Amino acid sequence: MKIAVLAKAVPDVKNVRLTIKDNDIDTAELNFVINEQDSYALEEGLRLKEKLGGEVVVVSVGDEARRKGITQVIRECYAKGADRGTMLLDQDYSKWDGGVRAKVMAALLGPEKPDVVLMGSQSFDTATSRMGPMLGEAMGIAHVSLITALEAGGDGRTFAVSRDLEGGLQEKVRVSAPCIFTTQTGINTPRYAALSKIIMATRKEIKTMTLEDAGIDRAELEKLNRVRVVAAGFPEEKEGNALMLTGTPEEIAAQLVKSLREKGLLQR
Amino acid sequence: MAILVVCEQRQGELKETSLEAMAAAVSVAGGEKVHALLIGSGIEGLAQAVARGGADEVVIADSPELTCYTYDLYRAVVLKAVGDISPSVVIAGHTSQGMDFFPGLAASAGMPMLSDCVKLSRSGDGIEAARQLYGGKIEVRYALPVPCVLTVRQGAFSSVMAGKEAEVRKMQVDLGSASARTEVTGYETPPKEDVDIEKAKIVVSVGRGIEKKENLPVFEELVSSIDGAVLAASRPVIDNGWLPKGRQVGVSGKTVRPKLYLALGISGAIQHLSGMSGSEFVVAVNRDKDAPIFKVADIGVVEDIFKIVPALVNEMKKR
Ligand SMILES: Cc1cc2nc3c(=O)[nH]c(=O)nc-3n(C[C@H](O)[C@H](O)[C@H](O)COP(=O)(O)OP(=O)(O)OC[C@H]3O[C@@H](n4cnc5c(N)ncnc54)[C@H](O)[C@@H]3O)c2cc1C
Ligand SMILES: Nc1ncnc2c1ncn2[C@@H]1O[C@H](COP(=O)(O)O)[C@@H](O)[C@H]1O
């Protein structure tokens, strides 16, 4: 069975002061890491392969600035057991709207004819949750999003999945290959890559493509790009900002408990 | 021109977010008629509730085949409604179903689409929409031409009670050659849990900042030092199996409205906030001073939870 996994390289913003540049955050000093949700998708793909046999192909799209990040992301996937990896780099990537990205992804995946496409349910950076359903339209195959469990029939053609709805409610869905799943966090526990495999992965080839290689007409793509960024900034502060307590931990604790008691929020 | 709001119901229950989407629609309608589309089976009873949310017309697509959501059949219905009404904007809620449905709908209708919008306005001939990126740290404004598809963040728009009359029209549902590639075979409600975090007056909630299961006792000790407090958590803590599912606060967990909510090592992603922003008083401890949780906090502490929590336990013991 052919399993495609989408893995995006996203900037790691943990413990960094973000600054705005060119209508986005300035990523010049940031590291790129695998979109956390995608490690669940990869794990699910690897498990499918282990159960039913076949091949896991990892695909990632970005621009030159993300080349290093994407390379690391694909190597991480290799170290965990992915068989092949392809990246497509294009200088216009960051200006592309979701619909455009889905078209590019469809052009990359089309020739692969995957039975199953797995991806995270949303990117940490843009958080749009658009890729799965849009890719489904572009490839003409079914999609089921936010899955929390995946059970494959022995033939690898039929799947029984659960989807996460609000309030912990699960929707049970049946679907057949070829199809797309977006995974919800917690569907599995992603494996760690062994150090030896990480080292081996650096020697494994990653296919690098351009729009032209994928047979995509830039002008056609541009016609689909109809959403424009006006400005990026920090969300405005709400009225009545939090009272920020400072001092040593002991002083803060004393102040906090005193204040909560005065407000009648603690019973003693 | 017109606006089309696609409402969401499941098993005969209307989603509150649909009324919020309606309020968002009314706010950008600028005189255009607001049509609300209700899809399902045996759902006429919901028409009035939808009308009260501000629709000028409620369109009902009722058919046994539409009882449960399937992307393919719902798409056939909405595309038909789009053909009939020619909306400048299609608006709906950014729910689990909304996430599954609208990006594909937009692609198949050939319209640009933005999800999870927190602000909307008319701008020239098009729409300006704001949404949040990087876990709520950045807000970006976008311009879209019409016609377009927009989904709105749950809780970002306040539903209104328009109290006006709306026409109710039944739509001819002719699914023709459409067939569903997915089939809903049932629903599963989460198992009942030991503690009911929804009823607690004080909720001490821990996030990924606790780092590992072995650190839980630190926080359990705090909980036992506060009368009436229960321990809850953000989703990653549950995903990792450190606490049972019934302790999860947020959109895919429980909604709590305690007198006091203590958020420890929680960043404040929207899916978490929507489960706790109804709390009367919020205290947040996080070592990242830009964490979005501080935006909903009444008292904030920028510090290491492993320093603050033991100090809090000591302080509580002083009486
Ligand atoms: C459809 C959908 C549904 C979802 N449903 C839910 C839901 O119901 N509930 C939910 O919670 N999430 C839900 N999520 C996930 C949500 O998007 C976030 O990923 C999640 O809330 C993040 O949890 P967190 O804040 O604990 O972790 P993180 O975002 O990783 O934040 C950890 C925080 O801890 C701080 N920290 C780390 N160490 C320390 C320390 N020693 N001292 C002080 N601070 C520290 C960090 O600065 C950081 O801010 C959902 C997502 C999707 C897509
Ligand atoms: N540029 C990209 N490269 C690889 N995968 C991507 C890319 N953009 C989105 N995806 C995949 O699509 C999922 C949903 O992303 P989004 O629609 O951007 O929220 C992510 O979890 C990724 O798996």
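Let us look at the structure shown here. The residue count restarts for each chain, going from 1 along the sequence in the order it is written. As they are written, the chains are lettered A onward and the ligands numbered 1 onward, keeping that order. Where totals are concerned, whole chains, interfaces and linings use all residues; where local detail is concerned, this predicted model gives features only for residues with pLDDT of at least 70, and gives and counts side-chain atom pairs only at 80 or more. Working from all heavy atoms in the structure, the side-chain values ignore hydrogens and water.

Quick look at the overall build of chain B
In plain terms, the rule: Numbering of helices and strands runs from the N terminus; a helix is a DSSP stretch of H or I covering at least four residues, while a strand is a stretch of E covering at least two. Exposure categories follow from relative accessible area, calculated using a 1.4 Å probe and restricted to protein chains: below 20% of the type maximum is buried, above 50% is exposed, and the middle band is partly exposed. Contacts: residue pairs with any heavy atoms within 4.5 Å of one another. Note on areas: Shrake-Rupley with a 1.4 Å probe; residue coverage comes only from the protein chains shown. His is not counted, nor are the chain ends; Lys and Arg add positive charge and Asp and Glu add negative charge. Just so you know, the charge point we use is NZ for Lys, CZ for Arg, CG for Asp and CD for Glu.
Along its length, chain B carries 8 helices and 17 strands. Here the C-alpha coordinates of chain B stretch approximately 70 × 45 × 35 Å along the principal axes. Across the 319 residues in chain B, those meeting the buried criterion constitute 59%. A fraction of 63% describes how many contacts in chain B between residues 6 or more apart in sequence connect residues 24 or more apart. Surface exposure of chain B reaches about 12,100 Å², of which carbon and sulfur atoms provide 48%. Of note, chain B has its 35 positive side-chain charges centred 5 Å away from the centre of its 39 negative side-chain charges.

Digging into the sheet that holds strand β7 (residues 84–89) of chain A
Two orientations exist for strands paired in a sheet by backbone hydrogen bonds: parallel and antiparallel. Heads up, the condition is: DSSP-based pairing: two strands are paired if at least 2 bridges between them are found. Fitted lines through C-alpha atoms serve as axes, helices being fitted only where they are in contact, and the angles separating the N-to-C directions of these axes extend from 0 to 180 degrees.
Across the sheet, 10 strands lie side by side as β13(A)-β7(A)-β6(A)-β1(A)-β8(A)-β12(A)-β9(A)-β10(A)-β11(A)-β12(B); this open sheet has mixed pairing. What marks the edges here is a single partner per strand, and that holds for β13 (207–209) of chain A together with β12 (182–188) of chain B. The mean angle between the axes of side-by-side strands here comes to 35°, regardless of whether they run parallel or antiparallel. Where helix α4 (residues 96–109) of chain B meets the sheet, it contacts β9 (142–152) and β10 (158–164) of chain A, and its direction lies at approximately 130° from that of β9 of chain A.

Overview of the site of ligand 1
Note the cut-off: Nearness is defined per residue: one heavy atom within 4 Å of the molecule or strand is enough. Pairs of N or O atoms are called polar contacts if they sit within 3.5 Å, as long as, within protein, a hydrogen donor faces a hydrogen acceptor (for residues adjacent in sequence, only side-chain-to-side-chain pairs).
Ligand 1 sits among 29 residues. The nearest are S234, Q248, S252, S267 and Q271 of chain B. Of the chains in the model, those with residues near ligand 1 are chains A and B. Within the backbone of V251 of chain B, a nitrogen or oxygen atom sits 3.1 Å from an oxygen atom of ligand 1. Take N286 of chain B: an N or O atom from its side chain is 2.7 Å from an oxygen atom of ligand 1. Summarising the interface, the protein chains cover 87% of the accessible area of ligand 1, which totals 990 Å² for the free molecule. Elements with a contribution of two residues or more to the shell around ligand 1: α6 (235–239), α7 (270–273) and α8 (305–317) of chain B.

Here's the deal with the pairing of strand β12 (residues 179–183) of chain A
Residue and element names in this part refer to chain A. Taking burial as the measure, the 5 residues of β12 include 5 buried ones, the bulk of the element. As paired strands, β9 and β12 are joined by 4 bridges and run parallel to one another. Looking at the pairing, I147 lines up with T183 of β12.

Some details on the site of ligand 2
Residues and elements named next belong to chain A. In the vicinity of ligand 2 there are 19 residues, among which D38, S123, S129, R130 and M131 approach most closely. Compared with its free state, where it exposes 480 Å², ligand 2 has 97% of that area covered by protein. Of all the secondary structure elements, the ones that give two or more residues to the shell around ligand 2 are β6 (55–62) and β8 (116–120). Sort the elements by how many residues they give to the shell around ligand 2 and β6 lands first, with 3 residues.

Comments concerning unusual backbone geometry
In the segment running from A177 of chain A into P178 of chain A, the intervening peptide bond is cis, with an omega of -5°. You can see P178 of chain A is positioned in the loop between β11 (170–176) and β12. With omega at -5°, the peptide bond leading from V146 of chain B into P147 of chain B counts as cis. Along the polypeptide, P147 of chain B turns up in the loop between β9 (138–144) and β10 (148–152).

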